[in-house]
Amino acid sequence: MTHLVLVGLMGAGKTSVGEAVARRLGRRVVDTDALVERRSGETVAELFARGEATFRAAERAAVADAATTAEPLVISCGGGAVLDPDNRDVLRAHGRVIWLRARPETLSERVGGGDGRPLLADGVLETLTRLAAERAPAYEAAAHAAVDTDGLSLEDVVDRVLGAFAAEAA
Ligand code: S3P
């Protein structure tokens, strides 16, 4: 059995889609940011405040933990997790990776003021536009399939994610 892994930028809907997909599959959902916070006893913002490398090291450990769990899970990855080649490898080895894509304008609307995300402190739409261009190759390299979410309801996104997972896991 294989994990269903969701990747994509901040605001792509990984958390809400992950929860809904997990309900439909009868699986547990593991959110790597939540796992990082549980394991470290610090918030993502606190870890970032000690340097992004501190957060990325904790994230790498959480991704490896989740990916190597025997029970088949839905794993929602923090937006930058796929930048690390080790993370991409372990996620692809143990799961089918689905990239939730959206236009920067859509992502920006969904994250509102940034919701305390350290990387968005300097301007939400500008940063998401830049990160979308910078990170596209990493998402491409990580993903088995992509789902475009602009203008779709949560239910429609969930149906497409499950369809892509079934096709990839077959
Ligand atoms: C980050 C995304 C965040 C969180 C951290 C860094 C990123 O997760 O891991 O703030 O580099 O894109 P979400 O994508 O769940 O917001």
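Use the structure listed above.
Residues numbered from 1 in each chain as written. Predicted model: local features only at pLDDT ≥ 70, side-chain atom pairs only at ≥ 80, totals over all residues. Heavy atoms only, no water.

Chemist: So what's going on with the site of the ligand? Which residues, and what values?
Modeler: The local shell around the ligand holds 14 residues, among which Lys14, Asp33, Arg56, Arg117 and Arg135 are the closest. Contact between the ligand and Arg56: an oxygen atom at 2.6 Å from a side-chain N or O atom of the residue. Backbone polar atom of Gly79 to an oxygen atom of the ligand: 2.9 Å apart, as the coordinates give it. Bound to the protein, the ligand loses 95% of the 390 Å² it would expose on its own. Among the secondary structure elements, those contributing two or more residues to the shell around the ligand are helix 3 (44-49) and helix 4 (52-67). Partitioned by chemical class, the residues of the shell around the ligand number six nonpolar, three polar and five charged. (Near = heavy atom within 4 Å. Polar contact = N/O pair within 3.5 Å; in protein donor to acceptor, adjacent residues only side chain to side chain. Areas by Shrake-Rupley, 256 points an atom, 1.4 Å probe, with all protein chains shown as cover. Helix = DSSP H or I, 4+ residues; strand = E, 2+ residues; numbered from the N terminus. Nonpolar A, V, L, I, M, F, W, Y, C, P; charged D, E, K, R; others polar.)

Chemist: Summarise the packing of helix 4 against helix 5 (residues 85-94); cite the residues concerned and give the values.
Modeler: Running from N to C, helix 4 and helix 5 point in directions that differ by 10°, and their axes come no closer than 9 Å. The angle between the axes of helix 4 and helix 5 places the two elements in the roughly parallel class. Facing Arg60, Val63, Ala64 and Ala67 of helix 4, the residues of helix 5 in contact are Asp86, Asn87, Val90, Leu91 and His94. Here the residues of the contact of helix 4 with helix 5 sort into five nonpolar, two polar and two charged. (Axes fitted to C-alpha atoms, helices over the stretch in contact; angles between N-to-C directions. Parallel < 35°, antiparallel > 145°, perpendicular 65-115°, else oblique. Contact = heavy atoms within 4.5 Å.)

Chemist: Run through the layout of surface pockets, naming residues and quoting values.
Modeler: Counted as a void, the largest pocket has a volume near 520 Å³. Taken together, 28 residues form the lining of the largest pocket, with Met10, Asp33, Gly78, Gly79 and Arg117 sitting closest to its centre. For the lining of the largest pocket, the secondary structure elements donating two or more residues are helix 1 (14-25), helix 2 (32-40), helix 3 and helix 4. Its residues placed into classes, the lining of the largest pocket shows nine nonpolar, ten polar and nine charged. (1 Å grid on protein atoms, 1.4 Å probe; cavity = no way out; pocket = protein on both sides within 12 Å on 5 of 7 lines; lining within 4 Å. Points joined across faces, edges and corners; volume = space filled by probe spheres on them.)

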